Amino acid sequence: EPEVTQTPSHQVTQMGQEVILRCVPISNHLYFYWYRQILGQKVEFLVSFYNNEISEKSEIFDDQFSVERPDGSNFTLKIRSTKLEDSAMYFCASSEGGPEKLFFGSGTQLSVL
Amino acid sequence: AQRVTQPEKLLSVFKGAPVELKCNYSYSGSPELFWYVQYSRQRLQLLLRHISRESIKGFTADLNKGETSFHLKKPFAQEEDSAMYYCALGMDSSYKLIFGSGTRLLVRP
């Protein structure tokens, strides 16, 4: 069964550094998403992406964050100048249509020191 | 504001007992409700959606708009049902899902 793939599984960075989290969505899916889960808290929506542009973003997704689909397969989340509070599990997801059935990756655990 | 509430952090039952995981939502529009499940060391995956009105792995959930609830039920729990369960809300003209805080279901032998 096709899966969403995320790399790396763990990322440790220093505060103020930039990180790029990578995702390979399922190949025939058209919608892509990033969610995050801070330890002990809810899974939170960050951004959705369709037709090579952001279709929706949350208040969390400020200028520090950006997404890109640099080629036909990868979908990346860039966090500029990381803060301690960015430490979380970041999940990529994709779907054929809208959010009716999301396929999640296994997540990247980001630790900002 | 839109919200999903799962009041129980942990629900522990014995094998063969009935299970009900509670979910309440707050949304003034026409909601779409989902249950996602995360088994140990596995990724988050869709269990069922209200619009399908189907039973998956013996689980069912009925949307009650009057009570703004979407509780997940199974008549006879199995040990393999032990997992983290998340209720999620989809909204009109939106790509995002709002998740509840999750309920850990532990089915004891």
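Structure first, text after, so check above.
Because the structure is predicted, anything quoted here is derived from the model rather than measured.

Draft legend 1. Local environment of the overall build of chain A. A count of helices and strands for chain A gives zero helices and eleven strands. The C-alpha radius of gyration of chain A comes to 13 Å, within 12% of the 13 Å expected for a compact globule of 113 residues. Taken over the C-alpha atoms alone, chain A extends approximately 35 × 25 × 25 Å along its principal axes. Expressed as a percentage of the 113 residues in chain A, the buried residues total 45%. Of the contacts made within chain A by residues no fewer than 6 positions apart, 54% connect residues no fewer than 24 positions apart.

Draft legend 2. Geometry of the sheet that holds strand S7 (residues 65–68) of chain A. All names here are of chain A. The sheet built from four strands is open, its strands ordered S1-S3-S8-S7 with antiparallel pairing. Whereas interior strands pair on both sides, the edge strands pair on one side only; in this sheet they are strand S1 (5–7) and S7. Going across the sheet, the axis of each strand differs from the next one's by a mean of 20°, ignoring polarity. Bridging between S7 and strand S8 (residues 75–79) involves four bridges; their strand directions are antiparallel. When the sheet's bridge partners are listed, phenylalanine 65 is paired in S8 with isoleucine 79.

Draft legend 3. Spatial organisation of the sheet that holds strand S7 (residues 60–61) of chain B. All names here are of chain B. Read from one edge to the other, the open sheet built from three strands follows the order S3-S8-S7, with strand pairing classed as antiparallel. With partners counted over all chains shown, the strands left at the sheet margins are strand S3 (19–21) and S7, one partner each. For S3 and strand S8 (residues 72–74), the ladder comprises three bridges, and the chain directions are antiparallel. In the strand pairing of S8, leucine 21 is matched with leucine 72.

Draft legend 4. Region of interest: the interface of chain B and chain A. Listed per partner, the contact involves 17 residues of chain B and 19 residues of chain A. Buried surface at the junction of chain B and chain A, both sides included, amounts to about 1800 Å², of which 57% is carbon and sulfur. Among the residues of chain B in contact with chain A, Arg43, Tyr95 and Phe99 of chain B are the three that bury the most area, contributing 43% of the side total. At the boundary of chain B with chain A, the tally comes to one salt bridge. A salt bridge links glutamate 3 of chain A to arginine 43 of chain B; the shortest N-O distance between them is 3.5 Å. Of all elements in the fold, only strand S1 (3–5), strand S5 (32–38), strand S6 (45–49) and strand S10 (97–99) of chain B reach the threshold of two or more residues within the side of chain B that touches chain A.

Draft legend 5. Summary view of the layout of surface pockets. Approximately 520 Å³ is the volume found for the largest pocket. In terms of lining residues, the largest pocket is bounded by 26 residues, among which Gln37 of chain A together with Gln38, Met84, Tyr86 and Arg104 of chain B are the most central. Residue composition of the lining of the largest pocket, by class: eleven nonpolar, eleven polar and four charged. For the second largest pocket, the calculated volume is near 430 Å³. Split into classes, the residues belonging to the lining of the second largest pocket amount to 13 nonpolar, two polar and seven charged.

Draft legend 6. A look at the environment of arginine 69 of chain A. All names here are of chain A. Along the polypeptide, arginine 69 turns up in the loop between S7 and S8. Arginine 69 sits 17 residues away from asparagine 52 along the chain, and the two C-alpha atoms are 6.9 Å apart. Among all residues touching arginine 69, those that are not within four sequence positions of it are Pro25, Phe32, Phe49, Asn52 and Asn74. Only 3.5 Å separates the side chain of arginine 69 from the backbone oxygen of serine 73, close enough to count as a polar contact.

Draft legend 7. Main features of the state of the cysteines. Residues and elements named next belong to chain B. Taken as a whole and assessed by the stated rule, the structure comprises two disulfides over all chains. There is a disulfide in this structure between cysteine 23 and cysteine 87, and the S-S distance comes to 2.0 Å. Taking the sign of the S-S torsion, about -65° here, the bridge from cysteine 23 to cysteine 87 comes out left-handed. Separated by 64 residues along the polypeptide, cysteine 23 in the loop between S3 and strand S4 (24–26) and cysteine 87 in strand S9 (residues 83–90) bring together distant segments of the chain. Residue class for cysteine 23 comes out buried when judged on its relative accessible area of 0%. Accessibility expressed as a relative area gives 0% for cysteine 87, which makes it buried.

The rules we used
- Residues numbered from 1 in each chain as written.
- Chains lettered and ligands numbered in written order.
- Predicted model: local features only at pLDDT ≥ 70, side-chain atom pairs only at ≥ 80, totals over all residues.
- Heavy atoms only, no water.
- Helix = DSSP H or I, 4+ residues; strand = E, 2+ residues; numbered from the N terminus.
- Rg over C-alpha atoms; globule rule 2.2 N^0.38 Å.
- Buried < 20%, exposed > 50% of the residue type's maximum accessible area, 1.4 Å probe, protein only.
- Contact = heavy atoms within 4.5 Å.
- Pairing = 2+ DSSP bridges.
- Axes fitted to C-alpha atoms, helices over the stretch in contact; angles between N-to-C directions.
- Buried area = accessible area lost by both parts, 1.4 Å probe.
- Salt bridge = Lys/Arg side-chain N within 4 Å of Asp/Glu carboxyl O.
- 1 Å grid on protein atoms, 1.4 Å probe; cavity = no way out; pocket = protein on both sides within 12 Å on 5 of 7 lines; lining within 4 Å.
- Points joined across faces, edges and corners; volume = space filled by probe spheres on them.
- Nonpolar A, V, L, I, M, F, W, Y, C, P; charged D, E, K, R; others polar.
- Polar contact = N/O pair within 3.5 Å; in protein donor to acceptor, adjacent residues only side chain to side chain.
- Disulfide = S-S within 2.5 Å.

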